[in-house]
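Chain by chain, the residues:
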Amino acid sequence: MLKKETYKKGMKTLKKSFALLLICMMILTACGSNSGSKNTADTGNTGSKSNEAKEITIWAWDPAFNIAALEEAKKTYAAINPDVKVNIIEYAQSDIIQKLNTGLNSGTTKGLPNIVLIEDYRAQGFLQSYKDSFTDLSNSIKGTDFADYKSGPTSLDGKQYGIPFDSGVTGLYVRTDYLEQAGYKLSDLQNIDWKQYIEIGKKVKEKTGKALITLDPNDLGIIRMMIQSAGSWYLTEDGKTPNLANNEALKQAFEVYKELMDSNVANVHADWSQFVAALNNGDVASVPTGNWITASIKAEATQSGKWGIAPLPTLPGNDKSVHASNLGGSSWYVMNVDGADTAADFMAKTFGSDVELYQKLLTDIGVIGTFKAAASGEAYSQANDFFGGQKVVTDFAAWTEQIPSVNYGIHTYAIEDILIVEMQNFLNGKEIDKVLSDAQAQAESQIK
Amino acid sequence: MRAIMERFKFYSLFIKIFIVMVVSIIAVAISASWTTVRMSEKLFMETFSITNSKVINQIKANFESFHYSIVTATNNTQLSGTIKSFLTEEDSDSTRVFRSFYNMTTQMKRIQSNVDAYQVGIKIMGQNGRSYSTNTNNLLMTDEELRNHKITINTMADPKRLMYQFYQEKSTPTSSQEAVIVASKSLMERTTGDTYGSLYFTIHEKAFQSFYSSMVSGGNDVAILNKDGLIVSSNQSELLGQKADDLLQDAKDIQEKGLDYKNVTFRDKDVIVLADYLSSYDFYIVNLIDKKTALGQMVDTKMVALICSAIVIVALIVVFLISRKLTRSLTLLTRQMSKITERNFHNYITVTGSFEFQELGHAYNYMLDELNDYVERLVQTQKEQRNAELAALQQQINPHFLYNTLSSVKFLVQQGSKEKAVHTIHALISLLQNALSNVSETITVTQELENLKSYVFINHVRYGERIRVNFFIAPDTIDYHVPKLIIQPFIENAFFHGFNKKSEGYIHVLISQESGSLLCEVVDNGDGMESGGAELSLSNESKRQLFTGIGIKNVHDRIILLYGDEYGVTIISKVNEGTTIKIRLPLINT
């Protein structure tokens with residue numbers, strides 16, 4: 001009996017150990033599959049965290065112009081500091097504005113780039129609203145190293161926030177062949193006002209049937225050019241108060257605009273492609289605009305030698321108006337996120353100081369920078385065959401120095417939206433003083 | 001080789017157990033992990049397809065709401081007189097054109113707000129050559145190119161339909177081949193049926209992806225196919241613009257047969273395909289789930305296999321050790337037991353091993369004990385039986401002997417030799433006294449000698465003294481003990497059979513000590529026998545003449561029984577020369 005008992009016990013322990021073995025096996029199998037899934041889940045997160053300061057991100061638009069310039073700068077900087085990884089991301093300008101607004105409004109720096117390109121007209125809007133989010137670069141660069149008119153948009157309270165980039169210096173691009181048909185030469189356009197310009201246009205239209213200018217009813221760029229040439233702007237010097245009702249320059253500009261219409265020398269376009277098409281198809285005899293149009297004009301190689309660039313006409317009857325103005329142009333801003341120091345260093349060593357880089361940008365891409373020291377280089381004094389051997393860069397550089405500095409403020413585009421509507425009223429016969437005072441009233445009620 | 005086989009024979013139990021265990025463990029491990037993997041795969045696939053079909057519905061809703069916005073924008077455009085006049089009027093003076101452009105753009109901005117939620121560009125193009133686009137980035141071709149493009153031709157061919165077409169920029173030399181989806185509709189005068197222009201909504205394929213991008217993940221891809229099987233949008237950019245007729249066929253199958261999903265091979269990959277039809281677009285949404293990737297995230301087969309094999313190996317080692325330990329004692333036991341035939345019952349085994357085998361060993365040893373005991377007792381019993389037999393025989397004093405002896409005494413008394421008669425009776429008494437006492441007792445050589453002398457005396461009285469008997473006793477042997485009546489049968493034998501032919505002779509009785517044993521010799525010079533060493537033929541022995549029942553035949557057996565094999569009787573006999581009988585006995589002092 002006793003023996004049987006012990007035998008049974010022995011069997012029991014044997015069974016137990018077998019059961020244990022099986023359980024162990026199952027648990028291990030389960031663990032195995034668990035750990036497997038964990039592993040795969042983990043792999044996604046690695047990689048992005050390492051060395052944040054060694055990696056900077058830049059947002060910009062226009063692959064042919066700004067992005068291309070960045071790629072050059074990246075190459076240059078790689079020789080100086082090869083450890084830093086520079087990510088260049090292209091977005092449409094409107095996307096950048098939207099993303100910046102979203103990011104800055106939410107108060108988090110997450111998702112924002114280290115460096116961002118901002119158009120000069122909008123720069124103050126961002127700087128004044130989100131001053132703390134941008135890095136003061138006063139220690140890295142000197143505002144005085146760049147064209148004076150750039151200091152308005154890029155600085156705030158005496159601190160330099162932006163690295164001025166491309167120039168928006170304007171010129172009057174003209175078809176010399178059409179001019180010649182109408183009996184004019186490029187030299188006849190050197191010192192004219194807009195009235196004289198319209199007179200020439202009438203002749204050209206008569207002789208060639210071509211329009212003098214092409215205009216977009218929704219873009220008052222030409223008005224902006226005109227008033228800045230007279231040192232005036234939509235806003236007063238403080239950048240906040242609307243300056244429309246008693247703005248003499250603006251009034252004169254509106255009148256010139258109406259005259260362009262009334263004299264029937266204007267072509268109309270509604271978008272960028274139509275604008276460029278009008279130039280390339282030879283539909284218009286002239287284009288007063290920023291120098292960045294050069295690339296688009298040169299795209300039509302068959303017109304080589306048929307273009308010339310004259311200084312911008314002045315506002316008739318306005319003493320302050322000069323033969324130089326600005327349209328467009330943008331600057332780089334360093335944001336207060338991780339890696340700001342690296343980003344500032346990147347900017348200071350490339351766009352902030354590198355003369356050779358600017359030479360390269362000019363020859364390879366056609367970027368006219370605003371860095372004063374680079375304006376003396378060889379590339380700047382080269383003759384341009386497309387423009388009949390004219391030393392266009394030298395000319396632009398000369399005009400750049402004349403551009404009157406204005407404070408674009410933070411409401412340029414808001415006011416322009418009002419003016420676009422009022423311009424239609426004006427063209428339809430509304431009194432100019434009424435037009436401007438109505439605009440003033442609207443602006444004052446909208447902008448506070 | 002044979003030795004090895006022989007060796008293996010003892011391990012056959014172990015080998016069998018081990019093989020069975022190995023096979024079953026491996027089978028269990030393989031089947032368990034296989035089933036687990038299969039089941040989880042199946043479950044995963046089921047849930048995946050269920051959730052994915054739900055997500056597809058959501059995607060569909062996204063597409064539908066986008067389509068709704070486009071339809072609204074289209075209607076607004078068609079209803080707008082401003083846009084119609086912009087697209088139909090002829091060029092006039094700057095101011096009027098300018099106003100027309102301005103009004104149109106204002107109108108277009110309003111229409112654009114219908115699709116503001118999406119990154120959509122709108123383009124209108126009129127029969128008068130005017131055009132407008134809200135976002136220049138969308139269609140990278142000139143008006144002239146667009147006018148002659150397949151997109152426009154298709155639109156014009158079916159003026160009542162809003163159609164979605166795929167366009168991939170190929171003219172740009174740069175790598176960024178922008179793919180766009182173009183929704184187009186011809187602008188038609190309702191009353192007359194004249195088309196006065198066309199309307200295009202362009203959405204970048206990347207923006208199009210946002211309708212479904214939330215659902216895609218590694219191994220879970222989405223492709224949008226048009227009715228020609230062209231992939232117009234996919235999160236896998238390399239698929240973009242590719243023809244996938246097989247996929248289209250699968251999508252149609254799923255749609256027509258109402259399948260939940262379908263398993264197919266696409267681009268050398270096993271995939272699960274889910275599909276739905278977007279009627280307003282005439283597109284198919286196809287969801288491709290790469291089994292390998294999707295399952296790879298879920299079940300790490302390699303890991304499972306690795307762990308299983310590790311467990312199997314551990315289990316095998318454990319099983320090997322345990323079963324070896326179990327069978328080892330059995331093997332030893334078997335080996336020891338197998339030797340039992342070679343030796344005797346004293347081959348006890350060493351008790352080792354597990355409890356069971358210890359018990360078995362104990363039982364076996366116990367059995368041997370019992371067996372030995374039994375055998376011993378059997379031998380003892382036989383001895384006793386033999387002794388009893390001898391005693392019985394010994395006590396059978398032949399009545400003839402008594403009769404003859406008493407007759408002889410009677411004659412002696414009649415003859416008057418009273419002296420001799422007394423002597424004879426005296427010898428008889430002494431003889432009977434010894435013979436009748438306990439047969440197992442031993443007596444000294446002196447006493448035995450006395451018996452012999454008495455017997456010889458009686459014989460001489462009866463048959464005369466023609467056979468003389470001489471005793472030669474070594475003095476150092478007289479105190480040793482011998483079994484009773486051990487020599488007497490041989491003298492008797494010599495008396496009655498040794499001298500049948502010869503009339504007279506002698507019998508010598510010699511007792512001496514030789515190499516540790518007592519040697520008694522009975523030597524006669526009588527007739528002798530033919531067969532030297534053979535059993536004495538005593539069959540015709542006359543019972544009447546014997547003193548007791550103990551014949552010489554029994555003597556040898558009796559000695560062996562008492563003292564062992566090395567003792568006993570040997571006979572040397574030669575015809576006409578006599579017989580020598582040697583009785584070897586141990587030296588017994590008490």
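Given the structure is predicted, the values throughout are model-derived calculations rather than measurements.

1. Let's talk about the side chain of B:Ser233
All names here are of chain B.
Step number 1: Tracing the backbone through its elements, the reader meets Ser233 in strand S7 (residues 231-234).
Step number 2: At 2.8 Å, the side chain of Ser233 and the side chain of Glu205 are in polar contact.
Step number 3: In contact with Ser233, other than residues within four places in its own chain, are Glu205, Phe208, Gln209, Tyr212, Val222, Ala223, Ile224 and Leu240.

2. Focus: the nonpolar core
Step number 1: Of all hydrophobic cores here, the largest spans 116 residues; its most connected members are A:Ile222, A:Ile223, A:Tyr234, A:Phe254, B:Phe63 and B:Phe66.
Step number 2: At nine residues, the largest contribution of residues to this core is made by helix H1 (residues 2-79) of chain B.
Step number 3: Those residues in contact with A:Ile223 that sit more than four places away from it in its chain are A:Tyr234, A:Leu250, A:Ala253, A:Phe254, A:Tyr257 and A:Met423.

3. Considerations on the packing of aromatic side chains
Step number 1: For the structure on display, the rule yields 38 aromatic pairs over all chains.
Step number 2: With centroids separated by 5.6 Å and ring planes inclined at 15°, the aromatic side chains of A:Tyr121 and A:Trp233 adopt a geometry described as stacked. Pair noted here: A:Tyr121 is in helix H4 (residues 120-129) and A:Trp233 is in the loop between helix H8 (221-229) and helix H9 (248-262), with a separation of 112 residues, a long-range link. Take A:Tyr121 and A:Trp233: they sit in the same class, and that class is buried.
Step number 3: One aromatic cluster is present, formed by B:Phe63, B:Phe66, B:Tyr164, B:Phe208, B:Phe211, B:Tyr281 and B:Phe283 through successive ring pairs.
Step number 4: Lying across the ring of A:Tyr178, A:Arg175 places its NZ or CZ 4.4 Å from the centre.
Step number 5: Above the plane of the ring of A:Phe426 lies A:Lys258, whose end atom (NZ or CZ) is 5.9 Å from the centre.

4. A short note on the confidence of the model for chain B
All names here are of chain B.
Step number 1: This prediction gives chain B a mean pLDDT of 81; 90% of its residues lie at or above 70.
Step number 2: Counting contacts from residues 172-176, a segment whose pLDDT is below 50, to residues more than four positions away or on other chains yields zero contacts.
Step number 3: Long-range and interchain partners of residues 532-544, a stretch whose pLDDT sits below 50, account for 20 contacts in this model, where long-range means more than four residues apart.
Step number 4: Of the two predicted TM-score estimates for the complex, the pTM is 0.59 and the ipTM is 0.70.

5. Notes on the sheet that holds strand S12 (residues 467-473) of chain B
Residues and elements named next belong to chain B.
Step number 1: Read across the sheet, five strands follow the order S12-S14-S15-S17-S16 without closing on themselves; strand pairing throughout is mixed. The sheet is open, and its two edges are formed by S12 and strand S16 (568-574), each paired on a single side. For this sheet, the mean inter-axis angle between neighbouring strands, taken without regard to orientation, is 15°.
Step number 2: Against the sheet, helix H13 (residues 445-463) engages S12, strand S14 (505-514) and strand S15 (517-524), with an angle of about 170° to S12.

6. Topic: unusual backbone geometry
Step number 1: Here the phi dihedral of A:Asn264 falls at roughly 60°; this positive angle occurs in a residue that is not glycine.
Step number 2: For A:Asn264, a relative accessible area of 27% puts it in the partly exposed group.
Step number 3: With phi around 60°, B:Asp282 is a residue other than glycine that occupies positive phi space.
Step number 4: Position of B:Asp282 relative to the elements: it lies in the loop between strand S9 (269-278) and strand S10 (283-290).
Step number 5: Classification of B:Asp282 by relative accessible area gives buried; the value is 16%.

7. A few points about a nonpolar patch on the surface
Step number 1: A cluster of nonpolar side chains, B:Ile313, B:Ile317, B:Phe320 and B:Leu321, forms an exposed patch at the surface whose accessible area comes to about 370 Å².
Step number 2: Relative to the assigned elements, B:Leu321 resides in helix H9 (residues 301-338).

8. Notes on the environment of B:Ala275
Residue and element names in this part refer to chain B.
Step number 1: Among the structural elements, Ala275 can be located in strand S9.
Step number 2: Sequence-wise, Ala275 and Ile224 are 51 residues apart; in three dimensions their C-alpha atoms are separated by 9.5 Å.
Step number 3: If we skip the residues at most four places from it in the chain, Ala275 touches Ile56, Ala251, Ile254, Gln255, Ile285 and Val286.

9. Quick notes on helix H3 (residues 93-106) of chain A
Residues and elements named next belong to chain A.
Step number 1: Taking 1.5 Å of rise per residue, the 14 residues of H3 would be expected to cover 20 Å, and the 20 Å separating its terminal C-alpha atoms lies within 8% of that figure.
Step number 2: The set of residues buried in H3 consists of Ile96, Ile97, Leu100, Gly103 and Leu104. Buried residues of H3 fall within an arc of 140° about the axis and therefore sit on the same side. The outward face of H3, more than 90 degrees from its buried face, is lined by the exposed residues Ser94, Gln98, Thr102 and Asn105.
Step number 3: Its buried side turned inward, H3 meets strand S1 (55-60), strand S3 (115-119) and H4.
Step number 4: At the C-terminal side of H3, Gly107 shows a positive phi close to 80°.

10. Describing the environment of B:Ser40
Residue and element names in this part refer to chain B.
Step number 1: Here Ser40 lies in helix H1.
Step number 2: You can call Ser40 buried: its relative accessible area is 17%.
Step number 3: Separated by 255 residues in the primary sequence, Ser40 and Leu295 have C-alpha atoms spaced 9.1 Å apart.
Step number 4: A polar contact of 2.8 Å, which involves the side chain of Ser40, links it to the backbone oxygen of Thr36.

11. Comments concerning the packing of helix H11 (residues 399-415) of chain B against H13(B)
Residue and element names in this part refer to chain B.
Step number 1: Two elements in contact, H11 and H13, have axes whose closest approach is 9 Å; the angle formed by their N-to-C orientations is 60°. Relative to H13, H11 is oriented oblique. Here the hand of the crossing between H11 and H13 comes out left-handed. Along its contact with H11, which presents Phe401, Asn404, Thr405, Ser408 and Leu412, the element H13 presents Tyr455, Ile458, Asn459, Val461, Arg462 and Tyr463.
Step number 2: Among the residues making up the contact of H11 with H13, the classes are represented as six nonpolar, four polar and one charged.

12. What to know about the sheet that holds strand S2 (residues 85-90) of chain A
Residues and elements named next belong to chain A.
Step number 1: Strand order in the open sheet formed by five strands is S2-S1-S3-S12-S6, and the pairing between neighbours is mixed. Of all the strands in the sheet, just S2 and strand S6 (162-164) have a single pairing partner and so form its edges. Averaged over all neighbouring strand pairs, the angle between strand axes comes to 25°, with direction disregarded.
Step number 2: One ladder, built from two bridges, connects S1 with S3; its direction is parallel. Following the sheet pairing, Trp59 is matched in S3 by Val116.
Step number 3: Together, S1, S2, S3, S6 and strand S12 (330-334) form the strand contacts of helix H12 (residues 340-349), whose direction differs from that of S12 by roughly 145°.

Thresholds, definitions, all that
Residues numbered from 1 in each chain as written. Chains lettered and ligands numbered in written order. Predicted model: local features only at pLDDT ≥ 70, side-chain atom pairs only at ≥ 80, totals over all residues. Heavy atoms only, no water. Helix = DSSP H or I, 4+ residues; strand = E, 2+ residues; numbered from the N terminus. Polar contact = N/O pair within 3.5 Å; in protein donor to acceptor, adjacent residues only side chain to side chain. Contact = heavy atoms within 4.5 Å. Core = buried A, V, L, I, M, F, W, Y, C linked by side-chain atoms within 4.5 Å. Buried < 20%, exposed > 50% of the residue type's maximum accessible area, 1.4 Å probe, protein only. Phe/Tyr/Trp six-rings, centres within 6.5 Å; stacked < 30°, edge-to-face > 60°. Lys NZ or Arg CZ within 6 Å of the ring centre and 35° of its normal. pLDDT = per-residue confidence, 0-100. Pairing = 2+ DSSP bridges. Axes fitted to C-alpha atoms, helices over the stretch in contact; angles between N-to-C directions. Patch = residues over 30% accessible without salt bridge, like charges linked within 9 Å, V, L, I, M, F, W, Y side chains within 5 Å. Areas by Shrake-Rupley, 256 points an atom, 1.4 Å probe, with all protein chains shown as cover. Salt bridge = Lys/Arg side-chain N within 4 Å of Asp/Glu carboxyl O. Expected span 1.5 Å × (residues − 1). Arc of directions from axis to C-beta. Parallel < 35°, antiparallel > 145°, perpendicular 65-115°, else oblique. Left-handed = near helix turned anticlockwise from the far one by under 90°. Nonpolar A, V, L, I, M, F, W, Y, C, P; charged D, E, K, R; others polar.

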